[in-house]
Amino acid sequence: MGYAAARGGLDAILAAEELMRAKRDGGASPPLEIGQLTERLNLAVDRVMGEAGLWAPDLAARALRQAEGDIIEAAHLLRAYRSTRPRLAAGLVTHADEIEILRRIVPAYRVPPGPQLLGRTLDYVGRLLDDGTPSGPAHRPATVGGNGQASHAQHRAAADTDGHGHSHGQGGDPGHPSAASSDGQAGKAAQQSPGRLLDLLRGQGMIRDRRRDDDPEPHDVTREPVRPGVPRSARLSVMARAETGALVNLWYRNVLGPDGYIHEITLGEVRHGRLPVRVTHPVTGQPVRLGSVRVTEVEAIEDLDGPDEDRGVFDVGYGLCLGHNERKAIAMANLDIAVERDGGQGALEQSVLMTTDGLDASGFLEHLKLPHYVTFRSMVDRKAAIRAAAERPAPDQPAAQHQAAAVSQ
Amino acid sequence: MRSQETSPPADPPPPVISADPPPPVISGHPAATPPDRPVPLPPERRAELLAASDEAGLVALADRCLEGAPGTRVSIEPTVGTIPFCVREPVVGERFVLADVLATHAEVEHRGQRGWAMRLGNARAAALAAAICDAELASGAGLAAEVDQLCRSTERRHQEKSAAEWAELSRTEVNFQELL
Amino acid sequence: MAAMAASERLSPGASQAAFRVLLDTLARPGRVLALPEPGPRPGPGIVPLALAVVGSPVAVIGDPDWQERICQATGASAAADTDASLVAVYGTADPATISRLRRGSALAPENGAKAGLACRRLHEGGPGEVTLELSGPGVPGTVRLGVDGAAPAVFGALREANALFPAGIDVWLVDDRGQVAGLPRSVRQAVI
């Protein structure tokens, strides 16, 4: 098996690219429009943004279309695009309490401050596949009990008002002007940005207080590499842009697996809503709200029961990610508190920091497809040499010469 | 797992006071009496409303503004870039960078004013148009009144949309009925 | 209303070309290369203009007007000379200024400042009012560089600042014609 240095394949590569494009953009079905993706496959678009670490719904939809539905590939396109863009402004920090909810449940507590608002969710719906038959389950009229009647007309009218925070290219929403004078509006504002169960429990002294006196600059994971020992802000950033499956499975292994972690997690807040994005006006120095970003936020309340822990209190983990992605935010919150409790004893922090990024993992994995001809050839040669040496009765001069000849072939 | 809450809820917690700037309370509107003549929008509110205005209307208006006052110079070409979005989380109270947000920035010199605009997303034409309208409104001349109108109607449209959305969401609020 | 000054912000093409010149001159000390825009503007300010991003700490010494223009064009933050990562020195540089610039450390050499210094004229191969002999990484053997309009003591201060390599300061000399020569911290330089 001789080896000769070779080059080539450019024509084949170009033809393969052309084939890809032809298959993706051709075919009998109509071309995919961006609105179809942002409206009908919005959860996939949200996932792409979350794993790219860039809020840009229309571009994420384009990336998803260009990547033929491959979420990690789409996130890769979006991150590559982001790397070509300059930073425009520092941006003012937004407090998580400013969220305007589209959905908010508190599994731990029946009557938290503010509403239990189911919002747009399938959590309680039976998983009946709409198989397209005219009399199938999806086509029966909607029935609503309890809170009031809902007619189809109302449903459709409501859907037209773009009521669920979709961005159709106009990402701006200017927020509300001066503080409302009417009670109704003030009440609505309190409902839309409800207080937290966390603060309720804190008021009762039930939360381990980890709040800091200082205000360290957040670690920018896009500019400085991440290694164990980085501050928590880096961990949160890494998880926020991690691959959804990686976080879910890491959590699952953590809970079920042999590492011996015992968790008793109850979820506090589970929220889907909008957070305002603000920059400083260059002339007046006052904040300008450019619009908002949709996020999912979770608080994971951990029952502290370790021998070295204060068992009279709870501790809390936090998860926040772009778009509507509850399983990611829940996994993130759980892992946040798990790493905190682990205190660096096990490998959990390393796993979270180093193995959950979708692009890092799949990039390394897929590089295996590149030609490894020389690598493999050298391994074959070594094996031949080992086998040849094993066949010799005892190592002596002629054998050494034979071995050398076999290796140098 | 407890089957029912063992203690009644405490009083609603006091509003969380964060050290960060609160949502902008910037409009000239006095609290109770509607004004006869609208108070001019402060620059930040102008920028917010132009950032949220519908692109088609904005571009059309900006074109007319340009016709009315030649000699406009683009000082910063519409640039698509990122803003690192930093959130202060409630558990420890520390800041972390959630993600980047894509935005477009443009600046013009128009009618002797510095027009500034920043819009979310990849929106070059809209950002440039918003910058022109920003300067027009700041100058008080030409089509300033129309730009002001566009801003007010954007504000109204947003309030209506917001109210409609909340009305729809409110129907999904859970009202428990205690079992006796 | 007074007309606004034109922004100094570099176009993407100009930015790329300037970056290339800065990179090449640092990689080949002694070479004198021309910036894309010939002439006295922006002078040593090309260093922060080409390299600063939003939030970079930048110090402009000897010209407050350029400080403001550079910060407006790049979004950089004005900083003291001891804190800046990017520096532009207009007029004749003072050795004491060089001594104050950030040098970084052995573990974090990237924290050392990058500075543009103004001079009147550069002469590749020398001689000049001040003639430097250069050797080291990127220099074939030894070469000479002539510099008009710079104080010899500045180069002594620079040598001293770079004595604890990898910590140190990287410097570009920028002359009236928009020509650049680079003195990275790795170069061995002496006034002859």
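Each residue is numbered by its place in its chain's sequence as written, counting from 1. Both sets of labels track the order of writing: A upward for chains, 1 upward for ligands. This being a predicted model, a pLDDT of at least 70 is required before a residue's local features are given, and a value of 80 or more before pairs of side-chain atoms are given or counted; all residues contribute to the totals for chains, interfaces and linings.

(A) Quick peek at the overall build of chain B. A count of helical and extended segments in chain B gives four helices and three strands. Helix and strand labels come from DSSP, where a helix needs a run of H or I of at least four residues and a strand needs a run of E of at least two; each type is numbered from the N terminus. Starting at the N terminus and walking to the C terminus, you meet the elements of chain B as α-α-β-β-β-α-α. Between the buried cut of 20 or more and the exposed cut of 12 or fewer other C-beta atoms within 10 Å of a residue's own C-beta lies the partly exposed class, and all C-beta atoms are placed from the backbone. Counting the 180 residues in chain B, one finds 45% classified as buried. Residue pairs in contact within chain B that sit at least 24 positions apart in sequence constitute 54% of those at least 6 positions apart. Think of it this way: build a C-beta for each residue from its backbone, and any pair within 7 Å is a contact.

(B) Region of interest: the overall build of chain A. Each helix and strand in chain A was counted, giving 15 helices and six strands. Taking all 409 residues of chain A together, 36% fall into the buried category. Put simply, 62% of the contacts in chain A that link residues at least 6 apart link residues at least 24 apart.

(C) How the structure looks around the confidence of the model for chain A. When pLDDT is averaged across chain A, the result is 86; 82% of the residues are at 70 or more. Across the chain, each position has a pLDDT score giving the predictor's confidence in that residue, from 0 to 100. Within the model, the stretch residues 143–170 of chain A combines pLDDT values under 50 with 37 contacts to residues more than four positions away or in other chains.

(D) How the structure looks around the sheet that holds strand S10 (residues 179–183) of chain C. Residue and element names in this part refer to chain C. Here, strands pair whenever DSSP counts at least two bridges between them. Reading across the sheet, the seven strands line up as S1-S10-S9-S5-S4-S2-S3 and stay open at both edges, with mixed pairing between neighbours. Edge strands, defined here as strands with exactly one partner in the open sheet, are strand S1 (32–34) and strand S3 (77–78). With five bridges connecting them, strand S5 (residues 114–118) and strand S9 (residues 170–174) associate as parallel partners. Within the sheet, the bridge partner assigned to Gly 116 lies in S9 and is Trp 172.

(E) Here's a closer look at the nonpolar core. Ranked by internal contacts, the top residues of the largest apolar core, which has 120 residues, are A:Val48, A:Ala60, A:Leu78, B:Phe85 and B:Cys133. Here this core takes 11 residues from helix H3 (residues 124–139) of chain B, the largest share from any one element. The two domains that each donate at least three residues to this core are domain 1 (10–83) and domain 2 (92–120 + 223–370) of chain A. Those residues within four positions of B:Cys133 in sequence are excluded, and the remaining contacts are B:Leu50, B:Leu58, B:Leu61, B:Ala62, B:Cys65 and B:Val147. Core analysis: the second largest hydrophobic core is formed by 55 residues, C:Val32, C:Ala161, C:Leu173 and C:Val174 among them. For this analysis, nonpolar core means a set of buried Ala, Val, Leu, Ile, Met, Phe, Trp, Tyr and Cys residues linked through C-beta atoms within 7 Å. These domain limits were set by an automatic method or by a database of domain assignments.

(F) Highlighting the interface of chain C and chain A. If you look at the interface, chain C gives four residues, while chain A gives five residues. Of the residues assigned to the side of chain C that touches chain A, the class counts are two nonpolar, two polar and no charged. Classification used: nonpolar for Ala, Val, Leu, Ile, Met, Phe, Trp, Tyr, Cys and Pro, charged for Asp, Glu, Lys and Arg, polar for all others including Gly.

(G) Representation of the packing of helix H1 (residues 43–52) of chain B against H3(B) in the model. All names here are of chain B. The axes are straight lines fitted to the C-alpha atoms, using for helices just the contacting stretch, and the angles between their N-to-C directions are given from 0 to 180°. As a packed pair, H1 and H3 sit with axes 10 Å apart at the nearest point and diverge in direction by 145°. Pair H1 / H3 crosses with right-handed handedness. On H3, the residues that touch Arg 46, Ala 47, Leu 50 and Ala 51 of H1 are Ala 130, Cys 133, Asp 134 and Leu 137. Residues that form the contact of H1 with H3 fall into these classes: six nonpolar, no polar and two charged. If you view the pair so one helix is near and one far, a crossing is left-handed when the near helix is turned anticlockwise from the far one by less than a right angle, and right-handed when it is turned clockwise.

(H) Representation of the confidence of the model for chain B in the model. Residues and elements named next belong to chain B. Scored by pLDDT, chain B has a mean of 84; 79% of the residues are at 70 or more. In the predicted structure, residues 1–33 sits below a pLDDT of 50 and forms 48 contacts with residues beyond four places in sequence or in another chain. Interface predicted TM-score (ipTM) for the complex: 0.84; the corresponding pTM is 0.82.

(I) Helix H5 (residues 152–161) of chain C, seen in detail. Residue and element names in this part refer to chain C. Buried within H5 we find Val 154, Phe 155, Ala 157, Leu 158 and Ala 161. The arc that holds every buried residue of H5, seen down its axis, measures 160°, which confines them to one face. On the buried face of H5, the contacting elements are helix H4 (95–100), strand S7 (130–135), S9, S10 and strand S11 (188–191). When we speak of the arc, we mean the arc of directions from the helix axis to the C-beta atoms.

(J) Spatial organisation of the sheet that holds strand S4 (residues 265–280) of chain A. Residue and element names in this part refer to chain A. Strand order in this open sheet of four strands is S3-S4-S5-S6, and the pairing throughout is antiparallel. Edge positions in the sheet fall to strand S3 (100–105) and strand S6 (314–322), since each has one partner strand and no second. Neighbouring strand axes in the sheet, compared pairwise and without regard to direction, differ in orientation by 20° on average. Here S3 pairs with S4 via five bridges, running antiparallel. Looking across to S4, one finds that Glu 100 is bridged to Arg 274.

(K) Structural detail: the environment of A:Val374. All names here are of chain A. You can see Val 374 is positioned in helix H14 (residues 373–391). What makes Val 374 exposed here is the crowd of 10 C-beta atoms within 10 Å. Between the C-alpha atom of Val 374 and that of His 272, which follows or precedes it by 102 residues, the distance is 51 Å.

(L) Quick look at the interface of chain B and chain A. Contacts between chain B and chain A engage 74 residues on the former and 86 residues on the latter. Elements represented by at least two residues in the side of chain B that touches chain A include exactly H1, strand S1 (73–88), strand S2 (95–110), strand S3 (113–120) and helix H4 (144–170) of chain B. As defined by bridge partners, strand S1 (residues 54–55) of chain A adjoins S2(B) across two bridges and the pair is classed as parallel. Within S2(B), the position partnered with A:Leu54 by the bridge is B:Asp100.

(M) Broad picture of unusual backbone geometry. Geometrically, the link from C:Gly126 to C:Pro127 is a cis peptide bond, its omega value of -15° lying close to zero. Following the sequence through the fold, C:Pro127 ends up in the loop between strand S6 (121–124) and S7. For the bond running from C:Phe165 to C:Pro166, omega is 10°, close enough to zero to count as cis. Take C:Pro166: it is sitting in the loop between H5 and S9. Even without being glycine, A:Glu68 reaches a positive phi, approximately 55°. Here the phi dihedral of B:Arg111 falls at roughly 50°; this positive angle occurs in a residue that is not glycine. Positionally, B:Arg111 belongs in the loop between S2 and S3. Overall, B:Arg111 belongs to the buried group, with 22 C-beta atoms counted inside 10 Å.

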